[in-house]
Amino acid sequence: MAKIEKLDGKSMDIVADNIEKLKEIFPDVFTEGKVDFEALEATLGEYVEGKEERYSFNWNGKAAARRIAQTPSTGTLRPAPEESKDWDATENLYIEGDNLEVLKLLQKSYHKQVKMIYIDPPYNTGKDFVYKDNFKDNIKNYMEQTGQVDTEGNKLSTNSDASGRYHSNWLNMMYPRLKLARNLLKDDGVIFISLDDGEISSLRKICDEIFGEDNFIGNIAWKKTSGDNKPSFAFTHDNIAIYGKTVNQIPRVPLTKKQAKQYKNPDNDPKGDWAETDYRSKWSKEERKNLYYAIINPHTKEEIYPDTYSNTTRVWACSKETHLLNAQEGILWWGIDGQSKEPKKKRYLSEHKGANTRSVWTDAGTNDDASKEVKSLLNGDYFDNPKPVSLLKRLEIIMLQDNDLILDFFSGSATTAHAIMQLNAEDNGSRKYIMVQLPEETEEKSEAYKAGYKNICEIGKERIRRAGEKIKEENADKEGIENLDIGFKVFKLDSSNIKAWDSESDDLEQNLWDSVENIKSDRTSDDLMYEILLKYGLDLTLPIEELTLAGKKVYVVGLGSLVICLDEAITLDTVEAIAALKEKYGSDDLMRVVFRDNGFKDAEVKTNAIQILKQFGIDDVKSL
Ligand SMILES: C[S@@+](CC[C@H](N)C(=O)[O-])C[C@H]1O[C@@H](n2cnc3c(N)ncnc32)[C@H](O)[C@@H]1O
């Protein structure tokens, strides 16, 4: 008898995924489903490193940190439309929760979807909060940690430099997050990580391991201005370490308006604006004899050698043959009315490949600018150590094309989102963001707390709301500004909506009850619907239509790619109406259907449902 398969409850199984990848490349190293290390070693030839004297970076807890990255999450993301802005249309996400769990939950839906990651994690200064993961039950741990303070109101997890595990604690926090984050990057995606000199050497080592040292792109020294008060040494810059997922280059940057202004078109050249460049090479006559020849000034017909009018040993930039082509093409410039004695070559703006990124940035805004930006938007000093919008904008300009996606999983006051909206307003772009932030509580004596911001997410969300409105207002007369996406969908990390998916319980009676009603009583069908989207690896911002079919609520996700009905007492009328949707949406073999396990009127309807859907070519039917 046909049976409806149950949806698996945990987030993507990363170990299973790794095995699949290995099987794809080296199927012959598997025996009875297990890896034969000797066979693998033989495949890798001389690239195998012996155990002794291996170059490696170790710390207390590294093995556990690796395991933590591979343990599936038992959590989910619950929608919070009431805290969101423009829920129905926006493609931006604001996710509240510990970023480790959130990154795990996003593994399927955002696998290879992100073009750029920017993070500004705790610098481990000895005073800041470093989240402690718990291998056994990280969701419960999250619930405890986000409310946990000691009697003086200090966060229990401040990583004090007196702690014997000071560096290890920080590395244990960073390592699994970076490992998971890498999976979300597109192959040509790049991560930028802000850090001061304190932990940069450790970060570089773990990134060399996670991203591969060949994919280290560079380290920007960003002048943040304010000095530290260490005796006799002022730390006036922060680092931004850059690694590619599989690339070791970042794109060239488009010219700034100021740079582009140097290109003009005094002769109405149909190829557009151009700038003059030298028509000499760096070589001397001795080094390149063939580049020493006479060229004819088309206006005076005079023959000109490289040294006719200049006291130089440098010869022309190209061979005579190429020169004749250049002259024919009209890309040599002899000045207005041909008055120049020597030619220049035209360099067209339209052919410019952009500028290189330099490693020292002295003009990308400062810490002070950043604090003022947040302060003036929120009317108070509510957030320590934000980054300036100009810094983020500059990084985003390098990496993000029109509708690319950026992720910031230590988003703080949400500068990254602010910069995206600003940039989109400037060039009519539709770049999208995912912000992740822990609802880290503000201290009761802080200004933020007194102003009603009980945790940092409240600050981040309010900043995005206000920044978006302000940007729209400032650009009110710009064409297309009405399309600027200043909304965001809020999701909150929580335990799964499904009881059976919680960690193992020994309570048999409870388990039996749970198998009758396995959905937690405080969860809504919207909660469930988004959990299903995550399990199927669908984008959380896909359009969702709500229909009523034979009296039951049915969600149609992504124009028919997934249909979900979580109502109870479903009859065949609803099932038939769902099957008929396939024609309406014209989706070929894409359509999948999910029901509640005990959602059918009786066992007969359940069995017939599968048959009916099959007749319409819908084979992927699951239940929860
Ligand atoms: C230095 S701040 C980032 C500031 C941000 N770049 C800005 O411009 O506002 C680091 C943020 O990471 C957050 N954070 C720390 N641990 C986290 C975790 N496990 N999950 C999510 N966020 C975390 C902290 O609450 C803090 O707000």
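Since this is a predicted model, take the numbers as computed values, not measurements.

Peer 1: Residue-level account of the site of the ligand, with values.
Peer 2: Close contacts around the ligand come from 22 residues, with D120, S413, T415, Q437 and E440 the closest. Within the backbone of N99, one N or O atom sits 2.9 Å away from a nitrogen atom of the ligand. Expressed as a share of its isolated accessible area of 610 Å², the protein-covered part of the ligand is 94%. Its residues assigned to classes, the shell around the ligand shows 9 nonpolar, 8 polar and 5 charged.

Peer 1: Got a sec to walk through the layout of surface pockets? Specific residues and values, please.
Peer 2: Size it by volume and the second largest pocket reaches roughly 1,400 Å³. If you list the elements that add at least two residues to the lining of the second largest pocket, you get α1 (14-25), α3 (62-70), α6 (166-184) and α7 (200-211). The biggest single contributor to the lining of the second largest pocket is α1, with 6 residues. Here the residues of the lining of the second largest pocket are counted per class, giving 10 nonpolar, 6 polar and 11 charged.

Peer 1: Report on the domain arrangement of the protein chain, specifying residues and quantitative values.
Peer 2: Accessible area lost during the coming together of the parts is what is often quoted as the interface size. Taken as a whole, the protein chain is organised into domain 1 (80-253 + 356-494), domain 2 (257-351) and domain 3 (508-623). Once you take the C-alpha centre of each, domain 1 and domain 2 turn out to be 48 Å apart.

Peer 1: So what's going on with the sheet that holds strand β16 (residues 344-348)? Which residues, and what values?
Peer 2: Judged by pairing direction, the sheet is antiparallel, and its 3 strands sit side by side in the order β10-β16-β15 without closing on themselves. Unpaired on one side and paired on the other, β10 (274-277) and β15 (332-333) mark the two borders of the sheet. Strand direction decides the pairing type here: β15 and β16, joined by 2 bridges, are antiparallel. Of the residues in β16, the one forming a bridge with W333 is K344.

Peer 1: Now, about the pattern of salt bridges: what can you tell me, with residues and values included?
Peer 2: Summed over all chains, the structure comprises 40 salt bridges. In this structure, K461 and E96 form a salt bridge, with 2.6 Å as the shortest nitrogen-oxygen distance. Taken together, the residues K461 in helix α14 (residues 456-474) and E96 in strand β5 (residues 93-96) connect sequence positions 365 residues apart. There is no split in this pair, since K461 and E96 are both buried. Here E351 ties to K271 by a salt bridge, and the two come within 3.8 Å at their closest N and O atoms. Here E351, found in the loop between β16 and β17 (360-361), pairs with K271, found in the loop between α8 (257-260) and β10; they are 80 residues apart in sequence, far enough to count as distant.

Peer 1: How would you summarise the packing of α6 against α7 if you had to cite specific residues and measurements?
Peer 2: At a closest axis distance of 10 Å, the pairing of α6 and α7 adopts a crossing angle of 35 degrees. In this structure, α6 meets α7 at a crossing whose hand is right-handed. Contacts between α6 and α7 pair W170, L171, M174, Y175, L178, K179 and R182 from the former with S202, L203, I206, C207, E209, I210 and F211 from the latter. Looking at side-chain class alone, the contact of α6 with α7 contains 10 nonpolar, 1 polar and 3 charged residues.

Peer 1: Residues and numbers for a nonpolar patch on the surface, please.
Peer 2: Together, L44, Y47 and V48 make up an exposed nonpolar region whose accessible area comes to about 320 Å². Secondary-structure assignment places V48 in the loop between α2 (37-44) and α3. Exposure remark for V48: the relative accessible area of 33% places this residue in the partly exposed category.

Peer 1: So what about the packing of helix α10 (residues 367-378) against α14? Which residues, and what values?
Peer 2: Running from amino to carboxyl end, α10 crosses α14 at an angle of 80 degrees, the nearest separation of the two axes being 10 Å. On the basis of their axis angle, the class for α10 and α14 is roughly perpendicular. The residues of α14 that touch α10, namely those facing E373, V374, L377 and L378, are I459, E462, R463, R466, A467 and K470. Here the contact of α10 with α14 is composed, by residue class, of 5 nonpolar, no polar and 5 charged.

Peer 1: Describe the nonpolar core, and please don't skip the residues or the numbers.
Peer 2: In terms of nonpolar packing, the biggest core is built from 73 residues, with L77, L106, L178, L203, L540 and I564 touching the most fellow members. Counting residues domain by domain, this core receives three or more from each of domain 1 (80-253 + 356-494) and domain 3 (508-623). In contact with L203, other than residues within four places in its own chain, are W170, M174, L178, I193, L195 and A241. In terms of nonpolar packing, the next biggest core, distinct from the first, is built from 40 residues, L391, L392, M435 and C457 among them.

Peer 1: Can you lay out the packing of aromatic side chains for me, pointing to particular residues and giving the numbers?
Peer 2: Per the counting criterion, the structure on display carries 16 aromatic pairs. Relative to Y453, the ring of Y382 has its centre 5.2 Å away and its plane inclined at 50 degrees; by these criteria the two rings are tilted. Placement of Y382 in the loop between α10 and α11 (389-399) and of Y453 in the loop between α13 (447-450) and α14 is noted, with a sequence separation of 71 residues between them. Taken as a pair, Y382 and Y453 share a single burial class, namely buried. Taken together, the ring pairs in this structure connect F57, W59 and Y175 into an aromatic cluster. Across the ring face of F216, the terminal group of R204 is positioned such that the distance to the ring centre comes to 3.7 Å. Above the ring of W87, the side-chain terminus of K489 is found at 5.0 Å from the ring centroid.

Peer 1: Could you give me a rundown of the sheet that holds strand β25 (residues 621-623), with the residues and numbers involved?
Peer 2: Across the sheet, 6 strands lie side by side as β1-β25-β24-β23-β22-β21; this open sheet has mixed pairing. Whereas interior strands pair on both sides, the edge strands pair on one side only; in this sheet they are β1 (5-6) and β21 (544-549). Sheet analysis places β21 next to strand β22 (residues 552-557), joined by 6 bridges and oriented antiparallel. What sits directly across from L549, in β22, is K552. This element, helix α16 (residues 525-536), spans β21, β22, β23 (562-565), β24 (592-595) and β25 of the sheet and lies at about 35 degrees to β22.

Peer 1: Explain the pairing of β23 to me, using residue names and the numbers behind them.
Peer 2: The two faces of β23 match: L562 and I564 on one face and V563 and C565 on the other face are all buried. Pairing of β22 with β23 involves 4 bridges; the strand directions are antiparallel. Across the sheet, the residue bridging to Y555 is I564, located in β23. In this structure, the hairpin formed by β22 and β23 is closed by a connection of 4 residues, where G558 is found at a positive phi of approximately 55 degrees.

What counts, and at which threshold
- Residues numbered from 1 in each chain as written.
- Predicted model: local features only at pLDDT ≥ 70, side-chain atom pairs only at ≥ 80, totals over all residues.
- Heavy atoms only, no water.
- Near = heavy atom within 4 Å.
- Polar contact = N/O pair within 3.5 Å; in protein donor to acceptor, adjacent residues only side chain to side chain.
- Areas by Shrake-Rupley, 256 points an atom, 1.4 Å probe, with all protein chains shown as cover.
- Nonpolar A, V, L, I, M, F, W, Y, C, P; charged D, E, K, R; others polar.
- 1 Å grid on protein atoms, 1.4 Å probe; cavity = no way out; pocket = protein on both sides within 12 Å on 5 of 7 lines; lining within 4 Å.
- Points joined across faces, edges and corners; volume = space filled by probe spheres on them.
- Helix = DSSP H or I, 4+ residues; strand = E, 2+ residues; numbered from the N terminus.
- Domains from an automatic or database assignment.
- Pairing = 2+ DSSP bridges.
- Salt bridge = Lys/Arg side-chain N within 4 Å of Asp/Glu carboxyl O.
- Buried < 20%, exposed > 50% of the residue type's maximum accessible area, 1.4 Å probe, protein only.
- Axes fitted to C-alpha atoms, helices over the stretch in contact; angles between N-to-C directions.
- Left-handed = near helix turned anticlockwise from the far one by under 90°.
- Contact = heavy atoms within 4.5 Å.
- Patch = residues over 30% accessible without salt bridge, like charges linked within 9 Å, V, L, I, M, F, W, Y side chains within 5 Å.
- Parallel < 35°, antiparallel > 145°, perpendicular 65-115°, else oblique.
- Core = buried A, V, L, I, M, F, W, Y, C linked by side-chain atoms within 4.5 Å.
- Phe/Tyr/Trp six-rings, centres within 6.5 Å; stacked < 30°, edge-to-face > 60°.
- Lys NZ or Arg CZ within 6 Å of the ring centre and 35° of its normal.

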